[in-house]
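# Commentary on secondary and tertiary structure
So the chains spell out like this:
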Amino acid sequence: MYLYVKKRNYWIAFIPAVFITYMVFVYILNAQIGFRLDLNLSFIIGIFLTAATIGYFYWKGRHNRQESINVDEEAA
């Protein structure tokens, strides 16, 4: 989000983050300690959950850009 708000090249972090998010969703949906869904169903639901997460990222990123939040504050 920092790179997106600063209008920098955020793709370098975004692409691996999307892949990892998808894999985590599939694991949680399929694992014995998770929801125990069929693997193929987990893949499909994982795609929709990842797409929703990407949509929320862009929605929140646009909101943060419009609000002009200060992302470079000094730590006290």
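This section reports on the structure supplied with the text. A quick note: this is a predicted structure, and the numbers were derived from the prediction, not measured.

Attention shifts here to the overall build of the protein chain. Scanning the protein chain for helices and strands turns up three helices and zero strands. Each helix and strand of the protein chain, placed in order from N terminus to C terminus, yields the pattern α-α-α. Taken over the C-alpha trace, the protein chain has a radius of gyration of 16 Å; the compact-globule value for 76 residues is 11 Å, which it surpasses by more than 25%. Structurally, the protein chain occupies a C-alpha span of about 45 × 25 × 20 Å along its principal axes. Across the 76 residues that make up the protein chain, the buried fraction comes to 20%. Long-range contacts, defined here as pairs at least 24 residues apart, represent 57% of the contacts in the protein chain between residues at least 6 apart.

Now for a nonpolar patch on the surface. A cluster of nonpolar side chains, namely Phe19, Ile20, Met23, Val24, Tyr27, Ile28, Ile33 and Phe35, defines an oily patch on the protein surface of about 880 Å² accessible area. With respect to the helices and strands, Phe35 occurs in the loop between α2 (11-30) and α3 (39-67).

Within the chain, Lys7 stands out as a residue other than glycine whose phi angle is a positive 60°. Here Lys7 lies in the loop between α1 (2-5) and α2. For Lys7, a relative accessible area of 63% puts it in the exposed group.

Judged by nonpolar contacts, Tyr4, Tyr10, Phe14, Phe57 and Tyr58 together constitute the single largest core of five residues. In contact with Phe57, other than residues within four places in its own chain, are Met1, Tyr4, Tyr10 and Phe14.

Attention now goes to the side chain of Ser42. Of note, Ser42 is situated in helix α3. Overall, Ser42 belongs to the buried group, its relative accessible area being 0%. Apart from the residues lying within four places of it in its own chain, the contact partners of Ser42 are Val26, Leu29, Asn30 and Leu37.

Next up on the list: α3. Across its 29 residues, α3 extends 41 Å between first and last C-alpha, which sits within 8% of the 42 Å expected from 1.5 Å per residue. Buried residues of α3: Ser42, Gly46, Thr50, Phe57, Tyr58, Gly61 and Asn64, and no others. Packed against the buried residues of α3 are α1 and α2.

A few words on the packing of α2 against α3. Contact geometry of α2 with α3 gives a least axis separation of 8 Å together with a crossing angle of 140°. When the axes of α2 and α3 are compared, the pair comes out oblique. α2 and α3 meet at a crossing whose hand is right-handed. Where α2 abuts α3, its residues Trp11, Phe14, Val18, Thr21, Tyr22, Phe25, Val26, Leu29 and Asn30 lie against Leu39, Ser42, Phe43, Ile45, Gly46, Ile47, Leu49, Thr50, Thr53, Ile54, Phe57 and Tyr58. Considered class by class, the residues forming the contact of α2 with α3 number 15 nonpolar, six polar and no charged.

What counts and how
- Residues numbered from 1 in each chain as written.
- Predicted model: local features only at pLDDT ≥ 70, side-chain atom pairs only at ≥ 80, totals over all residues.
- Heavy atoms only, no water.
- Helix = DSSP H or I, 4+ residues; strand = E, 2+ residues; numbered from the N terminus.
- Rg over C-alpha atoms; globule rule 2.2 N^0.38 Å.
- Buried < 20%, exposed > 50% of the residue type's maximum accessible area, 1.4 Å probe, protein only.
- Contact = heavy atoms within 4.5 Å.
- Patch = residues over 30% accessible without salt bridge, like charges linked within 9 Å, V, L, I, M, F, W, Y side chains within 5 Å.
- Areas by Shrake-Rupley, 256 points an atom, 1.4 Å probe, with all protein chains shown as cover.
- Salt bridge = Lys/Arg side-chain N within 4 Å of Asp/Glu carboxyl O.
- Core = buried A, V, L, I, M, F, W, Y, C linked by side-chain atoms within 4.5 Å.
- Expected span 1.5 Å × (residues − 1).
- Axes fitted to C-alpha atoms, helices over the stretch in contact; angles between N-to-C directions.
- Parallel < 35°, antiparallel > 145°, perpendicular 65-115°, else oblique.
- Left-handed = near helix turned anticlockwise from the far one by under 90°.
- Nonpolar A, V, L, I, M, F, W, Y, C, P; charged D, E, K, R; others polar.

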